[in-house]
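# Descriptive structure summary
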Amino acid sequence: MHGHHGSAAASGPHDWDVIKGLIPYLMRHRGRVLAALALLVAAKLSNVLVPVSLKFIVDALDVSLTDGVAIALVVPVALVLGYGALRFGAVFFGELRDTVFAPVAERTLSEIGLAVFSHLHKLDLAYHLDRRTGGLSRDMDRGTSAISFLLRSVVFSVVPILLEVLFVAAIMAISADTIFAVVVLVSVVVYIVFSVWMTNKRTEFIRAANIKDSQANTRAIDSLLNYETVKYFNNEQWEQDRYGVSLREREQAKIKNLYSLAVLNSGQALIIGISVMTIMWLAAARVAAGTMTLGDLAMVNAFMLQVFIPLNALGFIYREVRRTLTDVEAMFNILDIQPAIKDTPDAVAYQAGKHDLSFQHVSFAYNPDRPILKDISFTVPTGQKVAIVGPSGAGKSTLARLLFRFYDIDEGVISVGGQDIRHFTLDSWRAQLGTVPQDTVLFNDTIGSNIHYGRPSASQAEVDEVIGFSHLEGFVASLPAGLDTMVGERGLKVSGGEKQRIAIARMLLKNPAFMVFDEATSSLDSAAEQAIGLALDEVARNHTTLVIAHRLSTVVDADNIIVLEQGRIVESGNHAELMASKGLYYSLWQLQQREQR
């Protein structure tokens, strides 16, 4: 028992942090929030005045009945109308409050959702590779629905209930006697403390029951999946016994859970019963003594019922709020993660121009025990095409990721025109880089919009031009819907070669200063490879190009070929020089020629 209180207390500060996190979003709409709160107070006041009007009705009738005065009927009629008006007001103000507040809740959800989305795009590649997107979107969904529940329940349930209790206590103290107010407040506090304590205990039972439940299920399924094994060892009886034990444990946990619900409900009823009884007893004694009227008695009775009805909901709200706070916290935790790669405070925008790209003594490792690149140095002069070749796993593709600054290097410098690329803002630097990756991922959209994605502001004429460059016209012309043809989920309906050409067109539209082709032709047959090879040559003439190649035949014409092996540069030169020196390049070339025959 004590242990549990410890854990409840421990979760306190987190919960406050979450609520504090929501406050700035609500502050943007403070006008509406205040209006909603004002309506809330109005609704509660109307509600609390209902029993007061009841008192006047009863007293008026009481007097008229005893004195036999006919005119007194006029008074109750006016009061009855007032009573009706207050009843209506209580509901009407409540509904009005909901309509005033609804836009705030929805807008806050949109704002937080957008904040999380844009933050996720700022996080580095490493974070996204570690996280499964499914889990992420679940965190986002759960988080937003939890926030909407929190806003509604806190603003519409908790605050009003507490307000109502305070109003009731105040009216009782003023109109009847302070002792009534004391009884109401004490019983409400006892009720809330008891409900919260029992709810926490029940949460433990429910969790235990769920665990036992899934254990029993796993037991059964496991045993049935291994049906043959069970038979080989004729262990049917043993399996049944084990399953039986699991079932009984589950049964025990469930029963405990049901008992605890009974205790919770009975306890609540007992607290209500005792307090109503106390109040009625105090009131009856005063009526008998003549210090209170019959109307006061009716009012006090009505008040007691009115205070406890909404309190019933508090237990449920408390449980739900505890659950939703953890969901919201999971989402806010995403916002707390700092991107590993971000602009330095003094970063400047990269100005495109005729710049050489150079790697100087670059070393890099995804994790410290396995260095991928070791002391790599080479330069790609403006307008030249430099190829990187080597056995797979030599770190070729990593170079492209480092160039994009998906990761930052451990040692050395990647520089452009003599400036470290870390000196530029990520946005301006990446705008000058184009890439055709190894496996092109297309959006589930039309071919046209996939190409347009390279530069959404481009004109149709520019799109047509890059389609020509990447030898796509024939393919597009052969499609009944042309550019409006949908690409299947993850680009399935388009063959590898066509996908690659779409990727090239998309990159050309971006019109970058530096181009990186990462094994861009690995999925193609020779004919398609040649067509694309030509397209690339045309395009690459006035761009600085880095080609990461698997098939050496595609880079024969490169100005410089760098051969990587196990993260180091073992040789470099053009095709003829490398063939002459009969090193690693030569043996790779021989190997690939043999395969092609």
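Structure report, in brief. (Residues numbered from 1 in each chain as written. Predicted model: local features only at pLDDT ≥ 70, side-chain atom pairs only at ≥ 80, totals over all residues. Heavy atoms only, no water.)

## Some words on the overall build of the protein
What counts, and what does not: The helix and strand labels rest on DSSP assignments: H or I over at least four residues marks a helix, E over at least two residues marks a strand, and numbering proceeds from the N terminus. As a reference, a globule follows 2.2 Å times the number of residues to the power 0.38, and the radius of gyration itself is taken over C-alpha atoms. Using a 1.4 Å probe on the protein chains alone, a residue whose accessible area is under 20% of its type maximum counts as buried, one over 50% counts as exposed, and one in between counts as partly exposed. By definition, residues are in contact when any of their heavy atoms lie within 4.5 Å. The method behind every accessible area is Shrake-Rupley, applied with a 1.4 Å probe, and residues are considered shielded solely by the protein chains displayed. The charged-residue count follows a simple rule in which Lys and Arg add positive charge and Asp and Glu add negative charge, with His and chain termini not counted at all. For this purpose, a charge sits on NZ of Lys, CZ of Arg, CG of Asp or CD of Glu.
The helix and strand inventory of the protein stands at 18 helices and 10 strands. For 597 residues, the compact-globule formula gives about 25 Å, and the C-alpha radius of gyration of the protein, at 37 Å, lies well above that figure. In terms of principal-axis extent, the alpha carbons of the protein reach across some 125 × 70 × 50 Å. Looking at the protein as a whole, 43% of its 597 residues are labelled buried. Look at the contacts in the protein between residues 6 or more apart in sequence, and 77% of them connect residues 24 or more apart. On the protein, roughly 31100 Å² of surface is accessible, and the fraction owed to carbon and sulfur atoms is 61%. Across the protein, 53 positive and 60 negative side-chain charges occur, with their mean positions spaced 4 Å apart.

## Structural notes on the nonpolar core
The line we're drawing: Residues belong to one nonpolar core when they are buried, are Ala, Val, Leu, Ile, Met, Phe, Trp, Tyr or Cys, and are joined through side-chain atoms within 4.5 Å.
Counting 41 residues, the largest nonpolar core has Val-389, Ile-447, Ile-451, Leu-472, Val-555, Ile-561 and Tyr-585 as its most contacted members. Examining the composition of this core, we find that seven residues originate from one element, helix 15 (residues 496-510), more than from any other. Those residues in contact with Val-555, other than ones at most four positions away along the chain, are Ala-387, Val-389, Val-547, Ala-549 and Ile-561.

## A word on the side chain of His-543
Put simply, the test is: Whenever two N or O atoms come within 3.5 Å, that pair is a polar contact, provided that in protein one can donate a hydrogen and the other can accept it, and provided that, for residues adjacent in sequence, both atoms are side-chain atoms.
Mapped onto the fold, His-543 is located in the loop between helix 16 (526-540) and strand 8 (544-548). Classification of His-543 by relative accessible area gives buried; the value is 13%. Side-chain polar atoms of His-543 contact the backbone oxygen of Pro-512, separated by 3.2 Å. Not counting residues within four places of it along the chain, the set of residues in contact with His-543 comprises Gly-383, Gln-384, Asn-511, Pro-512, Ala-513 and Met-515.

## A closer look at the sheet that holds strand 5 (residues 419-420)
Where strands meet in a sheet, backbone hydrogen bonds hold them as pairs that are either parallel or antiparallel. We apply this condition: In short, DSSP must find at least two bridges between two strands for them to pair. Helix axes are fitted only over the stretch in contact, all axes being lines through C-alpha atoms; the angle between N-to-C directions runs from 0 to 180 degrees.
Sheet architecture is open: four strands sit in the order 2-1-4-5, paired in antiparallel fashion. For this open sheet the edge positions go to strand 2 (370-380) and strand 5, each flanked by a neighbour on one side alone. As paired elements, strand 1 (residues 357-367) and strand 4 (residues 411-416) share five bridges and run antiparallel to each other. Along strand 4, the bridge assignment pairs Ser-363 with Glu-411. The sheet contacts of helix 10 (residues 396-403) involve strand 1, strand 2 and strand 4, and relative to strand 1 the element is tilted by about 105°.

## Some details on a nonpolar patch on the surface
The cut-off we apply is this: Residues qualify for a patch when their relative accessible area is over 30% and they have no salt bridge, like charges being joined within 9 Å and the nonpolar side chains of Val, Leu, Ile, Met, Phe, Trp and Tyr within 5 Å. Whenever a carboxyl oxygen of Asp or Glu lies within 4 Å of a side-chain nitrogen of Lys or Arg, that contact is scored as a salt bridge.
A grouping of Leu-34, Leu-37, Val-154 and Val-159 is seen on the molecular surface, where their side chains present a nonpolar patch of about 290 Å² in accessible area. Where the nonpolar patch is concerned, the elements lending two or more residues are helix 2 (30-67) and helix 5 (133-175). Within the secondary structure layout, Val-154 lies in helix 5.

## Digging into unusual backbone geometry
In this structure, His-361 takes a positive phi of about 45° despite not being glycine. Considering the arrangement of structural elements, one finds His-361 in strand 1. Its identity is not glycine, yet Asp-375 carries a phi of approximately 50°, on the positive side. Structurally, the position occupied by Asp-375 is in strand 2.

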